[in-house]
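Listed below, chain by chain, are the residues.
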Amino acid sequence: NFSASHRSVLAFNVSNLSATLRREDILSAKLSVFQKDTAGTPYADLGNLLLERVVTGNPLVASDYFASQRSLIAAFAGKDNQVTTLATSNSQLLNAVRVARDTASSKPLQFGLRFERDFNLDRSADGVKLVSSKNISQQPKLEITYLVP
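Model, not experiment: these values are computed from the prediction.

1. Some details on the packing of aromatic side chains
Aromatic rings in a pair are described by how distant their centres are and how their planes are angled relative to each other. As enumerated under the stated definition, the model contains two aromatic pairs in all. Measuring from ring centre to ring centre gives 5.5 Å for Tyr43 and Phe115, while their planes differ by 75°; the resulting arrangement is edge-to-face. Of this pair, Tyr43 sits in helix H1 (residues 42–46) while Phe115 sits in strand E6 (residues 109–115), and the two are 72 residues apart along the sequence. With respect to burial, Tyr43 and Phe115 carry one shared label: buried.

In structure tokens, the structure reads:
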């Protein structure tokens, strides 16, 4: 279906951070995703790839991909037909990590990826191929820098 909307969910386990770690001890956070390829011209046709903080069920169900509880973390202005790493390190991401640590939940910290526009009616498939593989250098990463309590 050329007008279908596809989304991705990334989940990171932050429950193994020290129980004595205070929110102000978390200094920075960086999230990166490896883009292997594109199909069509997604950035030209569908806009930026949005990274949003989402809260979904565990395990995921189909309705989780359209979760209404989301907050924007970053907008990636990627390039069509290019291998690249999409990365962000900003105050919204840092706050999401701090809030997840504050709740000390066993639930993973989750992010959704979707384009600004769901479809463009040009009857051509558009999308990105993100890597989620056993190759550790290309896996999605959440790097957290913190002070040891």
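2. Some details on the environment of Val9
Considering the arrangement of structural elements, one finds Val9 in strand E1 (residues 8–12). As for Val9 and Arg114, which are separated by 105 residues in sequence, their C-alpha atoms are 9.1 Å apart.

3. Remarks on the pairing of strand E2 (residues 26–39)
Where E2 and strand E8 (residues 141–146) come together, six bridges link them in antiparallel fashion. Its bridge partner being in E8, Leu31 is matched across the sheet by Leu142. Here five bridges tie E2 to strand E5 (residues 84–88), and the two strands are oriented antiparallel to one another. Counterpart to Phe34 in the pairing with E5 is Thr85. Two elements, E2 and strand E7 (residues 127–130), share four bridges in a ladder whose sense is antiparallel.

4. A few points about the pattern of salt bridges
Overall, the coordinates contain three salt bridges when judged by the stated rule. As a salt-bridge pair, Glu24 and Arg22 come within 3.4 Å of each other at their nearest N and O atoms. The partly exposed category is assigned to Arg22, whose relative accessible area is 47%. In the salt-bridge network here, residues are joined through shared partners; they are Arg22, Glu24 and Asp25.

5. So, the sheet that holds strand E3 (residues 49–54)
With respect to topology, four strands assemble into an open sheet ordered E1-E6-E3-E4, the strand pairing being antiparallel. If you trace the sheet from one side to the other, it starts and ends with E1 and strand E4 (70–76), each paired once. In this sheet, neighbouring strand axes are inclined to one another by 25° on average, regardless of whether the strands run parallel or antiparallel. Both E3 and E4 contribute to a ladder of six bridges, which runs antiparallel. Bridge pairing links Leu51 to Ala74 in E4. In the packing of helix H2 (residues 91–103) onto the sheet, the strands contacted are E3, E4 and E6, and the crossing angle to E6 comes to about 145°.

6. Topic: H2
Over its 13 residues, H2 extends 18 Å from the first C-alpha to the last, a length consistent with the 18 Å expected when each residue adds 1.5 Å. Taken together, the buried positions of H2 are Leu93, Leu94, Ala96, Val97, Ala100 and Arg101. In a view along the axis of H2, the buried residues occupy a sector of 160°, so they form one face of it. For H2, exposure combined with an orientation more than 90 degrees from the buried face picks out Ser91 and Thr103. On its buried face, H2 is in contact with E2, E3, E4, E5, E6 and E8. Structurally, the start of H2 carries an N-cap: the backbone nitrogen of Gln92 is 3.1 Å from a side-chain oxygen of Asn90.

Thresholds, definitions, all that
- Residues numbered from 1 in each chain as written.
- Predicted model: local features only at pLDDT ≥ 70, side-chain atom pairs only at ≥ 80, totals over all residues.
- Heavy atoms only, no water.
- Phe/Tyr/Trp six-rings, centres within 6.5 Å; stacked < 30°, edge-to-face > 60°.
- Helix = DSSP H or I, 4+ residues; strand = E, 2+ residues; numbered from the N terminus.
- Buried < 20%, exposed > 50% of the residue type's maximum accessible area, 1.4 Å probe, protein only.
- Pairing = 2+ DSSP bridges.
- Salt bridge = Lys/Arg side-chain N within 4 Å of Asp/Glu carboxyl O.
- Axes fitted to C-alpha atoms, helices over the stretch in contact; angles between N-to-C directions.
- Contact = heavy atoms within 4.5 Å.
- Expected span 1.5 Å × (residues − 1).
- Arc of directions from axis to C-beta.
- Polar contact = N/O pair within 3.5 Å; in protein donor to acceptor, adjacent residues only side chain to side chain.

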